[in-house]
Amino acid sequence: MMGKEKTMSEFLSYFLNNSTLLGAFISIISSSITLLIQAYIKKYLMEQGETNIYYKTVYNKISSNPWGFYKENNELYFDLPLWIEIHNTKGTRQIVRNLNLSLYSAGKFVSKTKQSTHSRRTVLGDNGSYSFLVDAGEIKRYDLEFIIEGKDIDFHDFDEVRLSYFDTNDKYKEYKIFEIKDSWKQSNYKISDDWKKLQ
């Protein structure tokens, strides 16, 4: 045991008295700490910014009608064509998954709408998908349409429309975008004059 302690003591003495080895060791530690700090700062800066979503109601591509309640083939349905723009000001790719509309009545959830994948020959969403991957610093616009037939929810009244999705961290988000009066009565609403931001 004494021999081992003597050997260790001699090694430490040699190491500490050898300026070249000591300098190299300090340099390695210093470089490692610098790299870790740089990596942290880079990650921090890349996570700065926001993923902003803007929406705008537009006319139906087939009927040229604005959004609202319509009757076709004796079936009453709610139709909402929508443009969205996703602005990613972060330094990393961001995900907006399963973007949809949620219908509410007096604050209570009623139903989700159906996401239309096509409007005749026009493919909606991102090649029919309502999940989107947006690169860093990128702006993307998508053409969407949401629809639901009254009979699918037993003509349950609703007075509020919310836009919902899951973000990059799989966190569910939901924002009120419209109030509805007299649901399931044939009527239409004025399309948007300008883009509105989800908030």
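What counts as what
Residues numbered from 1 in each chain as written. Predicted model: local features only at pLDDT ≥ 70, side-chain atom pairs only at ≥ 80, totals over all residues. Heavy atoms only, no water. Helix = DSSP H or I, 4+ residues; strand = E, 2+ residues; numbered from the N terminus. Contact = heavy atoms within 4.5 Å. Core = buried A, V, L, I, M, F, W, Y, C linked by side-chain atoms within 4.5 Å. Buried < 20%, exposed > 50% of the residue type's maximum accessible area, 1.4 Å probe, protein only. Phe/Tyr/Trp six-rings, centres within 6.5 Å; stacked < 30°, edge-to-face > 60°. Polar contact = N/O pair within 3.5 Å; in protein donor to acceptor, adjacent residues only side chain to side chain. Pairing = 2+ DSSP bridges. pLDDT = per-residue confidence, 0-100. Salt bridge = Lys/Arg side-chain N within 4 Å of Asp/Glu carboxyl O. Lys, Arg positive; Asp, Glu negative; His and termini not counted.

## A closer look at the side chain of Ser-192
Inspection of the secondary structure assignment puts Ser-192 in the loop between strand E13 (187-188) and strand E14 (196-197). Contacts of Ser-192, omitting those with residues within four sequence positions, involve Lys-56 and Thr-57.

## Observations regarding the nonpolar core
One finds Phe-78, Ile-84, Leu-99, Phe-158 and Val-161 to be the most contacted residues of the largest nonpolar core, which totals 34 residues. It is strand E3 (residues 75-88) that contributes the most residues to this core, six residues altogether. If we skip the residues at most four places from it in the chain, Phe-158 touches Phe-69, Phe-78, Leu-103, Tyr-104, Ser-105, Val-110, Ile-180, Ser-183 and Trp-184.

## With respect to the packing of aromatic side chains
Considering all chains together, one arrives at 17 aromatic pairs under this definition. Here the aromatic rings of Trp-67 and Phe-78 are separated by 6.2 Å at their centres, their planes lie at 80°, and the arrangement is edge-to-face. Residue Trp-67 is found in the loop between strand E1 (51-57) and strand E2 (68-72), and its partner Phe-78 is found in strand E3; the two are separated by 11 residues along the sequence. Assessed through its relative accessible area of 0%, Phe-78 is described here as buried. Ring centres 5.7 Å apart and planes at 75° place the aromatic pair Tyr-104 and Phe-109 in the edge-to-face group.

## Re the environment of Thr-89
Within the secondary structure layout, Thr-89 lies in the loop between E3 and strand E4 (94-105). Distance from Thr-89 to Thr-51, taken between C-alpha atoms, is 6.3 Å for residues 38 residues apart in sequence. Engagement of the side chain of Thr-89 in a polar contact is seen with the backbone nitrogen of Glu-50, the distance being 2.6 Å.

## Remarks on the environment of Leu-198
Looking at the secondary structure, you find Leu-198 in the segment after E14. It is 7.4 Å that separates the C-alpha atoms of Leu-198 and Tyr-55, two residues lying 143 residues apart in sequence. Not counting residues within four places of it along the chain, the set of residues in contact with Leu-198 comprises Ile-53, Tyr-55, Leu-163, Tyr-165, Tyr-175 and Ile-177.

## Some remarks on the pairing of strand E5 (residues 108-112)
Here E4 runs beside E5; their pairing, made up of four bridges, is antiparallel. Note on E5: the bridge partner recorded for Ser-102 is Lys-112. Linking E4 back to E5 in an antiparallel pair, the connection comprises two residues, with Ala-106 at a positive phi of about 50°.

## Describing the confidence of the model for the chain
The pLDDT averaged across the chain works out to 87; a share of 83% of its residues lies at or above 70. In the model of the chain, helix H1 (residues 2-17) stands out as the element of lowest mean pLDDT, 62, in contrast to E5, which has the highest, 98.

## Some words on the pattern of salt bridges
Going through the model one piece at a time under the given rule, you end up with 13 salt bridges. Ionic pairing is found between Glu-149 and Lys-151, a salt bridge with its closest N-O pair at 3.8 Å. For Glu-160, the salt bridge identified is with Arg-162, shortest N-O distance 2.6 Å. Three or more residues joined by partner-sharing salt bridges are found here, namely Glu-75, Glu-149 and Lys-151.

## A closer look at the side chain of Asp-79
Looking at the element boundaries, Asp-79 is found in strand E3. Although Asp-79 is buried, it forms no salt bridge, and the closest oppositely charged side chain is Lys-61 at an N-O distance of 12 Å. There is a polar contact of 2.9 Å between the side chain of Asp-79 and the side chain of Asn-60. The residues contacting Asp-79, other than those within four sequence positions of it, are Asn-60, Trp-67, Gly-68, Glu-145, Phe-146 and Ile-147.

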